[in-house]
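As a plain string of letters, each chain reads:
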Amino acid sequence: MHIGRLMISDPRRAERFGKRPAPNLPDYPKARAGFSWHSVRSDLDGLPGGRGLNIAHEAVDRHAVGSGAHRIAIRWLGKGGATRDVSYGQLRELTDRFALALRRLGVGMGDRVFVLSDRIPELYVAALGTLKNRSILCPLFSAYGPDPIRERLTLGRARVLVTTQRLYRRKVKAIRDRLPQLEHVITVGEPDRIGEPAREGDGGETLDFEEALRAPADGFAIEPTDPEDPALLHFTSGTTGAPKGVLHVHEAVLAHYATGKLVLDLRPDDVFWCTADPGWVTGVSYGIISPLTVGCTLIVDQEEFNAERWYGILQDQHVTVWYTAPTAIRMLMRAGEDVAERFDLTGLRFLASVGEPLEASAVRWGERVLGGPFHDTWWQTETGSIMIANFASAGVKPGSMGLPVPGVHATVLTRTEVGMEELRGAGVTGELALRIGWPSMFRAYIDEPERYAERFSGPWYLTGDLARIDEDGYFWFVGRLHDVIKSAGHLIGPIEVEDCLRDHPAVAEVGVIGRPDVVAGQIVKACVVLRPGYEENDALARELLAHARRRLGPVVGPKEIRFWKALPKTPSGKIMRHVLRAAETGSPPGARPSGNDSTHG
Ligand code: WT7
């Protein structure tokens, strides 16, 4: 039986979409069978003279030759309407200068360079220049307050911090004396910020970014870089527990490049917009590295979400490939189709989503309103790049995460007395696991070898997610291992219960958890935020319970509803179900249900 495989093909809708060339991956089974990471390596340059593999060379320098130097690498859309184009040639020179500036400071291979900045061109220069210098790039989310910043700078033993004058004054200055290992702070001035002095001195505590880049530079030869040399350090803000430093190496660029081409279908003439902030892994892997390795133009928007602005960018910048997140898609859906109708979105060729489950209705909304379906993709900070995806050629299954990327072997496992065992057969649910050996697999949780080892079993990396594989080999997200509910002996994933309730017109947001119960072990409980205009009362609660029970049946349907004003979320927008659980049981919100926890921001 085929569960609603949807080859999206309404010709009237498709007209609104740009003319679609044959995808880079025309035949999924064939591409999978013929794939080798070795051949991806031969698509890339490597450092001149066989001196290894460096992400920044593949992303920047190799495109900045001949006429390629004039092509636009970054189109920056600043606050208040400012724009700036940075060509591949300019990016090469600027990143050379930044790398030289680090070298002059005595900062070298393996030293940690943190970047805390809003989305401005200097962030991209610092990120790629750091990689040229073989230092480790550690991005921080600019909306963090002083405490999480200090915690991460300390955990990561930051030697250098690149930030803006404004963020320095607001968030770093006061904690600086508690960061003895932080030797250099390089700040970017913000001359176009109205009402603030252009270059306020920081009393010699900081170096000026422009000043640092000004010194004469005659190119920068990247030193030999081993593919296993560390390159990127991402902190995953656990929804429980202390943040973990996830370390990636230069070899990851193979996966950034291959997935950019095969999953996001990128080509050099694409205008690509990844809406994720570079403070998170998506904003680095796909907001910087992947599209540049292909040679695209990437759009960088300094501002935050706004439906009209976003449609305006898609239209005015002729964005061809768009990578965004379910939360943003839902906000666009809420803004209404009439807003979308006012814009010409025919330049769009490929839409993709990541970060949370993307419900089938959102996939179809893309098809109806934007002219093409959203292609859901699944991955994690630890995996470094997309591992499971709906492909342009293989057919989108709305609600499913898709198929494993060529070169990636995914399965579901169950815990037995003798260890982890692979589950075979369609429809079974187990822990999603990936066979070790893809290039962007993380190489460490820094300073936590035991926590790292816990994530592996034999040949498998254990993702901490639960998934189901259907008869066509598509993967369906069931939940986080520790969010799963066991009620009267049945395993219930919160996601399908949430999806069902979200379909009710009264429901704005919903988080589903298991509440401890003496009889059933746990019972399914829904924490619901209502849409404006609906009143919290018993009648509505009964109606919601009946709605879910009708569709899900008595075992899976929730037994209790509690109304919340807002749901607790991580900075990146994931529902913190452990906080909901704590509210039900009175246990401290930081408490882990059991075992290792890997729920992240
Ligand atoms: C966790 C990883 C992906 C990079 C940014 C987040 C959840 C991610 C999906 C999806 C359902 C998803 C998983 C995963 N997740 N993508 N398409 N469908 N869930 O990286 O912060 O490390 O989070 O996000 O639970 O394990 P992260």
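What counts, and where the lines are drawn
Residues numbered from 1 in each chain as written. Predicted model: local features only at pLDDT ≥ 70, side-chain atom pairs only at ≥ 80, totals over all residues. Heavy atoms only, no water. Near = heavy atom within 4 Å. Polar contact = N/O pair within 3.5 Å; in protein donor to acceptor, adjacent residues only side chain to side chain. Helix = DSSP H or I, 4+ residues; strand = E, 2+ residues; numbered from the N terminus. Nonpolar A, V, L, I, M, F, W, Y, C, P; charged D, E, K, R; others polar. Salt bridge = Lys/Arg side-chain N within 4 Å of Asp/Glu carboxyl O. Buried < 20%, exposed > 50% of the residue type's maximum accessible area, 1.4 Å probe, protein only. Axes fitted to C-alpha atoms, helices over the stretch in contact; angles between N-to-C directions. Left-handed = near helix turned anticlockwise from the far one by under 90°. Contact = heavy atoms within 4.5 Å. Pairing = 2+ DSSP bridges. pLDDT = per-residue confidence, 0-100.

K.L.:
Any chance you could explain the site of the ligand here in plain terms?
P.N.:
Taken together, the neighbourhood of the ligand is formed by 19 residues, with Thr377, Gln380, Thr381, Asp465 and Arg480 sitting nearest. At 3.5 Å from a nitrogen atom of the ligand is found a main-chain nitrogen or oxygen belonging to proline 357. Taking threonine 377, its main chain carries an N or O atom lying 2.6 Å from a nitrogen atom of the ligand. When residues of the shell around the ligand are traced back to their parent elements, those giving at least two are helix H11 (281-294), strand E14 (374-378) and strand E23 (475-480). It is E14 that contributes the most residues to the shell around the ligand, 3 residues altogether. When its residues are assigned to classes, the shell around the ligand shows 7 nonpolar, 7 polar and 5 charged.

K.L.:
I would appreciate a short explanation of the pattern of salt bridges in the present structure.
P.N.:
Opposite charge on two side chains permits them to pair, given that their charged atoms come into close proximity. Enumeration over the complete set of coordinates arrives at 48 salt bridges. Of the charged contacts in the structure, one is a salt bridge between aspartate 277 and arginine 119, with a shortest N-O distance of 2.6 Å. Pair noted here: aspartate 277 is in the loop between strand E10 (271-274) and H11 and arginine 119 is in the loop between strand E3 (112-116) and helix H6 (121-132), with a separation of 158 residues, a long-range link. Side by side, aspartate 277 and arginine 119 carry an identical accessibility label, which is buried. The shortest N-O distance in the salt bridge between glutamate 210 and arginine 214 comes to 3.4 Å. In this pair, glutamate 210 and arginine 214 are both assigned in helix H9 (residues 209-214), 4 residues apart and thus about one turn of the helix distant. Exposure remark for glutamate 210: the relative accessible area of 43% places this residue in the partly exposed category. Each member of the salt-bridge network shares a partner with another, and the members are Arg330, Glu356, Glu359, Asp499 and Arg502.

K.L.:
Before we go on, may I ask you to explain the packing of helix H5 (residues 88-104) against H6 in this structure?
P.N.:
In helix packing, the relevant descriptors are the interaxial angle and the interaxial distance, both defined with respect to the helix axes. The N-to-C vectors of H5 and H6 enclose an angle of 60°; their axes lie 8 Å apart at closest approach. You can see that H5 and H6 cross each other, and the crossing is right-handed. From H5, Leu91, Arg92, Leu94, Thr95, Asp96, Phe98, Ala99 and Leu102 reach across to H6, where they touch Val125, Ala126, Leu128, Gly129, Thr130 and Lys132. Looking at the contact of H5 with H6 residue by residue, the class counts come to 8 nonpolar, 3 polar and 3 charged.

K.L.:
Help me understand the sheet that holds E10, please; the structure alone is not making it clear to me.
P.N.:
Strand pairing in a sheet is mediated by backbone hydrogen bonds. Such pairs are either parallel or antiparallel. Read across the open sheet, the 9 strands follow the order E2-E1-E11-E10-E12-E13-E14-E15-E16; overall the sheet is mixed. Sheet topology places strand E2 (83-87) and strand E16 (403-404) at the edges, where each strand pairs with a single neighbour. Summarising the sheet, strand E12 (residues 321-324) and strand E13 (residues 350-353) pair through 4 bridges and their orientation is parallel. Of the residues in E13, the one forming a bridge with valine 321 is phenylalanine 350. In the packing of H11 onto the sheet, contacts are made with strand E1 (72-77), E10, strand E11 (297-301) and E12, and the angle to E10 comes to roughly 170°. Taken strand by strand, helix H15 (residues 360-370) contacts E12, E13 and E14, and its axis lies near 145° from that of E14.

K.L.:
Even after reading the chapter, I still don't get unusual backbone geometry, so can you show me in this structure?
P.N.:
Note: most peptide bonds trans; most residues except glycine with negative phi. For arginine 157, which is not glycine, the phi torsion reads 45° and is therefore positive. The residue arginine 157 is located in the loop between helix H7 (146-155) and strand E5 (160-164) in this model. Phi angles above zero are rare outside glycine, and aspartate 447 is one such case at about 65°. The residue aspartate 447 is located in the loop between strand E20 (444-445) and helix H16 (449-453) in this model.

K.L.:
Whenever I open this one, the confidence of the model for the chain confuses me. Can you help?
P.N.:
Close reading of the predicted structure is inappropriate where its pLDDT is low. The share of residues in the chain with pLDDT of 70 or more is 91%, and the mean pLDDT across the chain is 90. Note that residues 1-13 has pLDDT below 50 and, in this model, 22 contacts with residues that lie over four places away or in other chains. In the model, residues 193-198 has pLDDT below 50 throughout and makes 10 contacts with residues more than four positions away in sequence or in other chains.

K.L.:
Would you mind showing me how to read the pairing of strand E4 (residues 136-140) here?
P.N.:
Within E4, 5 of the 5 residues are buried, which leaves it mostly tucked inside the rest of the structure. Burial along E4 is two-sided: the face carrying Ile136, Cys138 and Leu140 and the face carrying Leu137 and Pro139 are both buried. Here 5 bridges tie E3 to E4, and the two strands are oriented parallel to one another. Considered in E4, the bridge of arginine 112 is made with isoleucine 136.

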